[in-house]
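Overview (structure and organization)
The lines below spell out each chain.
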Amino acid sequence: MTADSEPHGFTLFATAIGPCALVWNGHGIAAVRLPEQSEGRMLSRLHRQFPQLEAAAPSQTMLQAVQGMVALLEGEARDLRFCALDLRRTTPFHRRVYAAAQDILPGKTKTYGEIAALLGEPGSARAVGQALGHNPFPIIVPCHRVLASGAQSGGFSAPGGVSTKLRMLLIEGAEIGGAPGLFDREPPPSTH
């Protein structure tokens, strides 16, 4: 049985950036989807990828994943590495990239090149970017925290593109290029 032909449950959940979806199977979380133009469009894409997809009440484990993602997108510093991911269809290199991305704490960033160096494969920044571009678990595997060199945003393949990436970084009060996050700056002096 291929991963696509096995039964998958899913739930939609509200976040600060819009409605997201969590898809799971007996092996763990199969996918997370960020907000799309419409709920119908999101469901259509999910059903194409997972033909045996059914709306279901999440188990306690899946509910904890949802609660963690919602809290993170409300600005709470949450570590989501507890989430069990179904990595059966993921290459070993992608798994290593995803694990490195999960080690980036909320409010922090790394570059594609820094991830490549951490993996012991300097010069593979492009491959790191491609792996993150295929990340089926955004939020849990925080690909939004990985930037291009020079603290440039780089790409973001999720719906909403780079603006969604920047919005998520803003919510986290991220340091970009070593600069303090938006919420770490001193308030302007009072004029009173």
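Below or above, wherever it landed, is the structure these notes cover. Computed from a prediction, not measured in an experiment: that's the story for all the values here. Along each chain, numbering runs from 1 in the same order as the chain's sequence is written. Per-residue local features of the predicted model are confined to residues with pLDDT of at least 70, and side-chain atom pairs are confined, for both listing and counting, to 80 or more; whole-chain, interface and lining totals are unaffected and use all residues. Side-chain figures throughout are based on the complete set of non-hydrogen atoms in the structure, without hydrogens or water.

What follows covers the overall build of the chain. The helix and strand tally for the chain stands at six helices and six strands. What counts as a helix is a DSSP run of H or I of at least four residues, what counts as a strand is a run of E of at least two, and both are numbered from the N terminus. The order of helices and strands in the chain, counted from the N terminus, is β-β-β-α-β-α-α-β-α-α-β-α. The proportion of buried residues among the 192 residues of the chain is 44%. By the convention used here, residues are in contact when the closest approach between their heavy atoms is within 4.5 Å. Taking the contacts inside the chain whose residues are at least 6 apart along the sequence as the reference set, 58% of them involve residues at least 24 apart. The buried label goes to any residue with under 20% of its type's maximum accessible area, the exposed label to any with over 50%, and the partly exposed label to all in between, with areas taken from a 1.4 Å probe on protein chains only.

Turning our eyes to something else, we now look at helix α3 (residues 92–102). When α3 is considered as a whole, its buried residues turn out to be Phe93, His94, Val97, Tyr98, Ala100, Ala101 and Gln102. Tucked into the core, α3 has its buried residues touching α4 (112–118) and α5 (125–133).

Buried residues of α5: Val128, Ala131 and Leu132, and no others. Mapping the buried residues of α5 onto a view down its axis gives an arc of 95°, with all of them on the same face. Where α5 is buried, its residues contact α3, α4 and β6 (146–147). It is the directions from the helix axis to the C-beta atoms whose arc is reported.

With six of its six residues buried, strand β3 (residues 28–33) lies for the most part within the structure. Here, strands pair whenever DSSP counts at least two bridges between them. The sheet contact formed by strand β2 (residues 20–25) and β3 spans five bridges and is antiparallel. When the bridges of β3 are listed, Trp24 appears paired with Ile29. Between the end of β2 and the start of β3, which pair antiparallel, lie two residues.

The rule is simple: put a 1 Å grid over the protein atoms alone, call a set of points where a 1.4 Å probe fits but cannot get out a cavity, call an open set with protein on both sides within 12 Å along at least five of seven lines a pocket, and count a residue as lining if it has an atom within 4 Å of a point. Grid points are joined across faces, edges and corners, and a volume is the space filled by probe spheres set on the points. Scanning all chains against the criterion turns up one cavity of 30 Å³ or more. Roughly 90 Å³ of volume is contained in the largest cavity. Polar here means any residue outside two lists: the nonpolar Ala, Val, Leu, Ile, Met, Phe, Trp, Tyr, Cys and Pro, and the charged Asp, Glu, Lys and Arg; Gly therefore counts as polar. Split into classes, the residues belonging to the lining of the largest cavity amount to eight nonpolar, one polar and four charged.

One speaks of a salt bridge when a side-chain nitrogen belonging to Lys or Arg is within 4 Å of a carboxyl oxygen belonging to Asp or Glu. Inspection of the entire model under this criterion finds nine salt bridges. Among the ionic pairs, Arg81 bridges to Asp103, the shortest N-O distance being 2.7 Å. Here the residue Arg81 occupies a position in the loop between α2 (60–72) and α3, and Asp103 occupies one in the loop between α3 and β5 (110–111), the gap between them amounting to 22 residues. Using a relative accessible area of 48% as the deciding quantity, one classes Asp103 as partly exposed. Salt bridges linked by common partners bring Glu6, Asp86 and Arg88 together as one network.

For Phe, Tyr and Trp, where Trp contributes only its six-membered ring, two rings pair if their centres lie within 6.5 Å, and the inter-plane angle classes them as stacked under 30 degrees, edge-to-face over 60, or tilted in between. The tally for this structure, following the rule as stated, stands at one aromatic pair. Summarising the aromatic geometry, the rings of Tyr98 and Phe137 are spaced 6.4 Å apart at their centres and angled 85° between planes, so their arrangement reads as edge-to-face. Separated by 39 residues along the polypeptide, Tyr98 in helix α3 and Phe137 in the loop between α5 and β6 bring together distant segments of the chain. Among the residues examined, Phe137 registers a relative accessible area of 0% and is labelled buried.

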